[in-house]
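Residue-level listing of the chains:
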Amino acid sequence: MKFEFLIPKRPLSLQAKARRLNAWKAFVHEKAASAWKYSSVQTGDVQVTLVYLCGEAPPDTDNIVKPILDAMKGLVFVDDATVSDVLSHRRPLTGNFDLTRLPPLLLQGIVTGDECVYVQVRSSQPLEEYL
(Lines give C-alpha, C1' and ligand atoms only; values in the text may rest on other atoms or scores of the structure.)
Protein backbone atom coordinates (compact mmCIF):
# COMPACT_ATOMS: atom_id res chain seq x y z
CA MET A 1 0.00 0.00 0.00
CA LYS A 2 1.17 3.50 -0.83
CA PHE A 3 -1.06 6.52 -0.26
CA GLU A 4 -0.27 10.20 -0.61
CA PHE A 5 -2.00 13.54 -0.41
CA LEU A 6 -1.16 17.21 -0.10
CA ILE A 7 -2.28 19.54 2.69
CA PRO A 8 -2.31 22.98 1.02
CA LYS A 9 -1.91 25.05 4.17
CA ARG A 10 0.60 25.92 6.86
CA PRO A 11 0.38 23.16 9.48
CA LEU A 12 -0.74 23.85 13.02
CA SER A 13 1.32 22.88 16.00
CA LEU A 14 0.07 20.43 18.59
CA GLN A 15 0.25 23.38 20.98
CA ALA A 16 -2.42 25.42 19.12
CA LYS A 17 -5.67 26.25 20.88
CA ALA A 18 -8.16 23.36 20.86
CA ARG A 19 -10.74 25.02 18.58
CA ARG A 20 -8.16 25.86 15.90
CA LEU A 21 -6.48 22.48 16.26
CA ASN A 22 -9.77 20.59 15.84
CA ALA A 23 -10.60 22.64 12.74
CA TRP A 24 -7.12 21.87 11.36
CA LYS A 25 -7.56 18.13 11.98
CA ALA A 26 -10.95 18.21 10.22
CA PHE A 27 -9.35 19.98 7.24
CA VAL A 28 -6.55 17.39 7.04
CA HIS A 29 -9.08 14.54 7.37
CA GLU A 30 -11.09 16.03 4.49
CA LYS A 31 -7.99 16.25 2.27
CA ALA A 32 -7.01 12.67 3.12
CA ALA A 33 -10.56 11.41 2.52
CA SER A 34 -10.73 13.05 -0.90
CA ALA A 35 -7.54 11.24 -1.94
CA TRP A 36 -8.30 7.88 -0.26
CA LYS A 37 -8.98 5.25 -2.95
CA TYR A 38 -8.77 2.07 -0.90
CA SER A 39 -11.77 0.03 0.21
CA SER A 40 -10.63 -0.50 3.79
CA VAL A 41 -8.50 0.99 6.54
CA GLN A 42 -4.87 -0.15 6.79
CA THR A 43 -4.53 -2.51 9.76
CA GLY A 44 -0.82 -3.41 9.62
CA ASP A 45 2.11 -1.26 10.65
CA VAL A 46 2.65 1.79 8.48
CA GLN A 47 5.33 4.36 7.78
CA VAL A 48 4.26 7.99 7.50
CA THR A 49 6.49 10.48 5.69
CA LEU A 50 5.80 14.20 5.98
CA VAL A 51 7.49 16.93 3.96
CA TYR A 52 6.62 20.40 5.19
CA LEU A 53 7.46 23.11 2.65
CA CYS A 54 7.72 26.16 4.87
CA GLY A 55 7.92 29.90 4.79
CA GLU A 56 9.08 32.22 7.56
CA ALA A 57 9.13 31.17 11.26
CA PRO A 58 7.78 27.63 10.80
CA PRO A 59 6.46 25.60 13.73
CA ASP A 60 8.69 22.87 15.14
CA THR A 61 8.64 19.76 12.99
CA ASP A 62 7.91 17.45 15.91
CA ASN A 63 4.84 19.48 16.90
CA ILE A 64 3.10 19.13 13.53
CA VAL A 65 3.27 15.33 13.33
CA LYS A 66 0.67 14.31 15.94
CA PRO A 67 -2.24 16.44 14.64
CA ILE A 68 -1.73 15.08 11.12
CA LEU A 69 -1.61 11.49 12.39
CA ASP A 70 -4.72 12.07 14.49
CA ALA A 71 -6.57 13.39 11.44
CA MET A 72 -5.89 10.18 9.49
CA LYS A 73 -6.93 7.85 12.31
CA GLY A 74 -9.93 5.70 11.37
CA LEU A 75 -9.62 6.58 7.69
CA VAL A 76 -6.12 5.62 6.57
CA PHE A 77 -5.11 3.44 9.52
CA VAL A 78 -7.06 1.98 12.42
CA ASP A 79 -5.20 3.86 15.11
CA ASP A 80 -1.98 5.82 15.29
CA ALA A 81 -0.60 2.93 17.35
CA THR A 82 -0.14 1.18 13.97
CA VAL A 83 2.27 3.93 12.87
CA SER A 84 5.61 2.29 13.48
CA ASP A 85 7.75 4.74 11.51
CA VAL A 86 7.54 8.50 11.07
CA LEU A 87 9.86 10.48 8.82
CA SER A 88 9.34 14.22 9.10
CA HIS A 89 11.15 16.78 6.97
CA ARG A 90 10.97 20.58 6.84
CA ARG A 91 12.40 22.46 3.88
CA PRO A 92 12.09 26.13 2.90
CA LEU A 93 9.99 26.84 -0.16
CA THR A 94 12.94 28.82 -1.49
CA GLY A 95 15.25 25.79 -1.26
CA ASN A 96 16.98 24.05 -4.12
CA PHE A 97 15.34 20.78 -5.14
CA ASP A 98 16.21 18.15 -7.71
CA LEU A 99 12.79 18.22 -9.35
CA THR A 100 13.49 15.07 -11.35
CA ARG A 101 13.62 12.95 -8.18
CA LEU A 102 10.49 14.13 -6.36
CA PRO A 103 6.98 12.63 -6.41
CA PRO A 104 4.61 14.59 -8.70
CA LEU A 105 2.36 15.59 -5.82
CA LEU A 106 5.28 17.09 -3.91
CA LEU A 107 6.28 18.94 -7.09
CA GLN A 108 2.78 20.35 -7.22
CA GLY A 109 3.28 21.74 -3.72
CA ILE A 110 6.60 23.33 -4.69
CA VAL A 111 5.12 24.91 -7.82
CA THR A 112 2.28 26.59 -5.90
CA GLY A 113 4.83 28.49 -3.82
CA ASP A 114 2.56 28.28 -0.76
CA GLU A 115 3.26 26.46 2.47
CA CYS A 116 1.99 22.90 2.39
CA VAL A 117 2.61 19.43 3.75
CA TYR A 118 3.13 16.40 1.52
CA VAL A 119 1.97 13.21 3.25
CA GLN A 120 2.86 9.68 2.21
CA VAL A 121 1.67 6.55 4.00
CA ARG A 122 2.90 3.11 3.10
CA SER A 123 3.46 -0.25 4.69
CA SER A 124 6.40 -0.35 7.07
CA GLN A 125 9.63 -1.80 5.78
CA PRO A 126 12.10 -4.02 7.61
CA LEU A 127 14.31 -1.98 9.94
CA GLU A 128 17.36 -2.71 7.82
CA GLU A 129 15.79 -0.77 4.93
CA TYR A 130 15.91 2.44 6.96
CA LEU A 131 19.49 2.16 8.19
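Now for a description of the structure that goes with this document. Nothing here was measured: the structure is a model prediction, and the numbers come from that model.

### Quick notes on the sheet that holds strand 2 (residues 46-54)
Within a sheet, adjacent strands bond to each other through the backbone by hydrogen bonds, running parallel or antiparallel.
And step 1. What the four strands build is an open sheet, ordered 1-4-2-3; its pairing is mixed. The sheet is open, and its two borders are formed by strand 1 (2-7) and strand 3 (83-92), each paired with just one other strand. Between one strand axis and the next, the sheet turns by 15° as a mean value, whatever way the strands run.
And step 2. Strand direction decides the pairing type here: strand 2 and strand 3, joined by nine bridges, are parallel. The residue of strand 3 that forms the bridge with Leu 53 is Arg 91.

### Some remarks on the pattern of salt bridges
And step 1. Counted by the stated rule, this structure contains four salt bridges.
And step 2. A salt bridge links Arg 10 to Glu 115; the shortest N-O distance between them is 3.0 Å. Highlighted residues: Arg 10 in the loop between strand 1 and helix 1 (18-35) and Glu 115 in the loop between helix 3 (104-112) and strand 4 (116-123), separated in sequence by 105 residues.
And step 3. What makes Arg 10 partly exposed here is its relative accessible area of 33%.
And step 4. Close ionic contact of Lys 25 with Asp 70 constitutes a salt bridge, the shortest N to O distance being 3.4 Å. With Lys 25 in helix 1 and Asp 70 in helix 2 (residues 61-72), the pair connects residues that are 45 residues apart, well separated along the chain.
And step 5. Here the salt bridges share partners, and the residues they tie into one network are Lys 25, Lys 66, Asp 70 and Asp 80.

### Considering the environment of Thr 94
And step 1. Counting through the fold element by element, Thr 94 comes out in the loop between strand 3 and helix 3.
And step 2. Judged by relative accessible area, which is 75%, Thr 94 ranks as exposed.
And step 3. Separated by 19 residues in sequence, Thr 94 and Gly 113 place their C-alpha atoms 8.4 Å apart.

The rules behind the values
Residues numbered from 1 in each chain as written. Predicted model: local features only at pLDDT ≥ 70, side-chain atom pairs only at ≥ 80, totals over all residues. Heavy atoms only, no water. Pairing = 2+ DSSP bridges. Helix = DSSP H or I, 4+ residues; strand = E, 2+ residues; numbered from the N terminus. Axes fitted to C-alpha atoms, helices over the stretch in contact; angles between N-to-C directions. Salt bridge = Lys/Arg side-chain N within 4 Å of Asp/Glu carboxyl O. Buried < 20%, exposed > 50% of the residue type's maximum accessible area, 1.4 Å probe, protein only.

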